[in-house]
Amino acid sequence: MAADNVPDVYIKLLWRRFGMAASYEGQLKEIYPDTGFFCLGLEEQRELWCRFSRPRSNGLPAVGARVRLFGWIKWNSHIMEVLELAQLDPKT
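Nothing here was measured: the structure is a model prediction, and the numbers come from that model.

Draft legend 1. Representation of the layout of surface pockets within the structure. Space inside the largest pocket adds up to approximately 190 Å³. Within the residue set of the lining of the largest pocket, elements represented by two or more residues are β1 (20-32), β2 (37-41) and β3 (47-52). The residue inventory of the lining of the largest pocket, partitioned by class, reads eight nonpolar, three polar and three charged.

Set out below in structure tokens:
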């Protein structure tokens with residue numbers, strides 16, 4: 001069976017499997033080391049719940065640190081699976 005719009009089908013399949021790739025900057029608000037979840041405070045009082053896709057040996061910066069995250073926001077849970085985290089200078 002031929003697909004009419006292959007790029008469209010590919011994007012839809014990626015969305016269903018992984019969600020949406022995104023990059024955010026914000027301040028660490030809460031960390032729950034027992035569960036692996038942490039909360040990132042974004043602009044306008046928004047919050048983003050996150051967890052690492054793989055365990056990290058070096059942990060997270062302290063609550064209040066500014067960070068930049070890159071990862072996938074799962075379509076079914078709206079939790080970001082973090083692939084990369086970088087701590088930012090507080091003035092950034």
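Draft legend 2. Quick peek at the pattern of salt bridges. One pass over the full model with this rule turns up four salt bridges. Note that K29 is salt-bridged to E47, the shortest N-O span being 2.7 Å. With K29 in strand β1 and E47 in strand β3, this pair connects stretches of sequence that are 18 residues apart. Close ionic contact of E81 with R51 constitutes a salt bridge, the shortest N to O distance being 2.7 Å.

Draft legend 3. Focus on the packing of aromatic side chains. Under the criterion given, the structure shown has two aromatic pairs. Measuring from centroid to centroid gives 5.4 Å for F38 and F52, while their planes differ by 35°, and the two rings are tilted. Within this pair, whereas F38 is found in strand β2, its partner F52 is found in strand β3, the two being separated by 14 residues in sequence. Given a relative accessible area of 18%, F52 falls into the buried group.

Definitions and cut-offs
- Residues numbered from 1 in each chain as written.
- Predicted model: local features only at pLDDT ≥ 70, side-chain atom pairs only at ≥ 80, totals over all residues.
- Heavy atoms only, no water.
- 1 Å grid on protein atoms, 1.4 Å probe; cavity = no way out; pocket = protein on both sides within 12 Å on 5 of 7 lines; lining within 4 Å.
- Points joined across faces, edges and corners; volume = space filled by probe spheres on them.
- Helix = DSSP H or I, 4+ residues; strand = E, 2+ residues; numbered from the N terminus.
- Nonpolar A, V, L, I, M, F, W, Y, C, P; charged D, E, K, R; others polar.
- Salt bridge = Lys/Arg side-chain N within 4 Å of Asp/Glu carboxyl O.
- Phe/Tyr/Trp six-rings, centres within 6.5 Å; stacked < 30°, edge-to-face > 60°.
- Buried < 20%, exposed > 50% of the residue type's maximum accessible area, 1.4 Å probe, protein only.

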